[in-house]
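One-letter residues, chain by chain:
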Protein chains: 2
Amino acid sequence: MGRHDIHNSETPALCGSCEVRHRGLCGALSGDQLMMLSKHSRIVRHPAGTELIADDSDITSYANVMRGVVKLSKMLDDGRQQVVGLQFAPDFLGRLFGRQNTLSAQAASDVELCKVPKAALEAMVGDNPALEHRLLEQTLRELDDARDWMVTLGRKTASEKVASFLYLVATHIDPVAEAERQQGENADARFDLPLSRADIADFLGLTIETVSRQLTRLRKEEIISVVNNRTFVIPDLKCLANRCG
Amino acid sequence: MGRHDIHNSETPALCGSCEVRHRGLCGALSGDQLMMLSKHSRIVRHPAGTELIADDSDITSYANVMRGVVKLSKMLDDGRQQVVGLQFAPDFLGRLFGRQNTLSAQAASDVELCKVPKAALEAMVGDNPALEHRLLEQTLRELDDARDWMVTLGRKTASEKVASFLYLVATHIDPVAEAERQQGENADARFDLPLSRADIADFLGLTIETVSRQLTRLRKEEIISVVNNRTFVIPDLKCLANRCG
DNA sequence: CGCCATCTTGACACGTATCAACAGGCGTGG
DNA sequence: CCACGCCTGTTGATACGTGTCAAGATGGCG
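What counts and how
- Residues numbered from 1 in each chain as written.
- Chains lettered and ligands numbered in written order.
- Predicted model: local features only at pLDDT ≥ 70, side-chain atom pairs only at ≥ 80, totals over all residues.
- Near = placed C-beta within 6 Å.
- Helix = DSSP H or I, 4+ residues; strand = E, 2+ residues; numbered from the N terminus.
- Nonpolar A, V, L, I, M, F, W, Y, C, P; charged D, E, K, R; others polar.
- Pairing = 2+ DSSP bridges.
- Buried ≥ 20, exposed ≤ 12 C-beta atoms within 10 Å, placed from the backbone.

Enquirer: I keep staring at the protein's contact with DNA strand D and nothing clicks. Help me out?
Expert: The immediate surroundings of DNA strand D are formed by 18 residues, with Thr157 and Thr210 of chain A together with Arg197, Ser212 and Thr216 of chain B found nearest. Those elements giving two or more residues to the surface near DNA strand D turn out to be α8 (208–220) of chain A together with α7 (197–204) and α8 (208–220) of chain B. If you tally residues by element for the surface near DNA strand D, the top one is α8 of chain B, at 6 residues. Partitioned by chemical class, the residues of the surface near DNA strand D number 5 nonpolar, 9 polar and 4 charged.

Enquirer: Which parts of the structure should I look at to understand the sheet that holds strand β6 (residues 92–93) of chain B?
Expert: The pairing of strands in a sheet comes from backbone hydrogen bonds and takes either a parallel or an antiparallel form. Residues and elements named next belong to chain B. If you trace the 4 strands from one edge of the open sheet to the other, you get β1-β8-β3-β6, paired in antiparallel fashion. What marks the edges here is a single partner per strand, and that holds for β1 (42–46) and β6. Two strands pair when backbone bridges link them, and strand β3 (residues 61–67) and strand β8 (residues 111–117) are joined in this way by 6 bridges, in the antiparallel orientation. For Tyr62, the partnering residue across the bridge sits in β8 and is Val116.

Enquirer: Just to check I follow, could you spell out the pairing of strand β11 (residues 231–234) of chain B for this structure?
Expert: One face of the sheet, then the other: side chains in a regular strand alternate in exactly this way. All names here are of chain B. A one-sided burial pattern is seen for β11, the buried positions being Phe232 and Ile234 and the unburied ones Thr231 and Val233. Alignment of strand β10 (residues 225–227) against β11, held across 3 bridges, turns out to be antiparallel. Note on β11: the bridge partner recorded for Ser225 is Val233. Hairpin connection between β10 and β11: a loop of 3 residues separates the two successive antiparallel strands, and Asn228 in this loop has a positive phi of roughly 60°.

Right, here's the structure in full:
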């Protein structure tokens, strides 16, 4: 049997309006597989700040990020915190095959998730190699990202860290604009940052104050301009890239 | 067809003496699949220090670490280096489905690899879901490790970093001893460190001097004792764990 | 308008990097 | 066999970057 056209009449109502339908996991599914999975899944919305996953909690479900940004973090006993990942649409959320979570997840912005029970997804993974393949590829990408970030955390200066962070967000938060940028030559970017200074600091292994000072520096050097504390404009991404070390 | 007994007569000669036969990837293979894969694979040995993978090189093969320790690292343009992972037997080596390597790999100790051409492995992965599943699980574990290490790099002090490093090595370098330790109560460990101070520094995001000073401190506090610069004895692992932050 | 949280800025302290000298191990060659 | 040089690791003095603590500034929101 050939692969179903993903636009065929079997597409479930729930999935018809899904914006990440083709790019996320579900792209690996045929119409009837999608139908099966969608029976178990439901869309949930959470406002910014919601705890989506608690550290050490039992894993009962997985999710796909459909809209917004999710922040993954770990905390030491004494309260020191490190953000270990940011998930954008259409990323997968949750530790596959795990029993307990080893990190926590918060909604950085308002988010929309497509949630599916652990057992349902794992069953589908078990007899759908294409699905498992997609999950493997996403996991490999996340591992690449994590290793890139280890370089940032271990070897870059505060100034380079902040530049690297802005560059990361600029190139991830709006995949459409980013794709255009790769083609044409409009090398500017503008985005609304879903993270507080404290979040940025926890991502970069810095303090709030140092992040603020480095942002001020980048602003004075006109590499970036900051509107309203959360909105950033980067006139020339290449210029920013040069500051990433 | 049921799963073959992995001790059956079909086991290839090459694999018969493989020490990581049951724990690594190959545990997912039946006798004849193993036979097929072993046709393409060969065992290679490299002395400590050998460059196993060059950054930006084309990926032409994968490997399994059968003996020894492999160091994965990334370098910034100006020479700053960060070790982003250590691979012990029976870890898999190489970026699955990638075109080019995005990191370099060196033999930390003398190593023995079981090497297989990229195309051969990928073909087997394509029609052996169990194999892909194993690879997914290894990748997920590596991602967990990477995220744990991000906390160490971003939020721990030099002293805690060094303690965390020693703890990591003590619990990974000799899986057999470690398994015993989990059972019984002999909480001591002794190992020969396959890394130089420079390697440790690059792993921890520190300088050689700082690593040396912190080791001296741990030695003076009798948390560890150091024989011959490369051999470490840790009388009480729990005590070391308390220093990890 | 005014409160409160968030962000910025400043002064100073502290931890780690840097630079430099020294010690020990090991192979080479006299 | 010891002298020498080299490589690795240790220790010390000092510099610098980032953390800490404190005070303002800014902006969102009732």
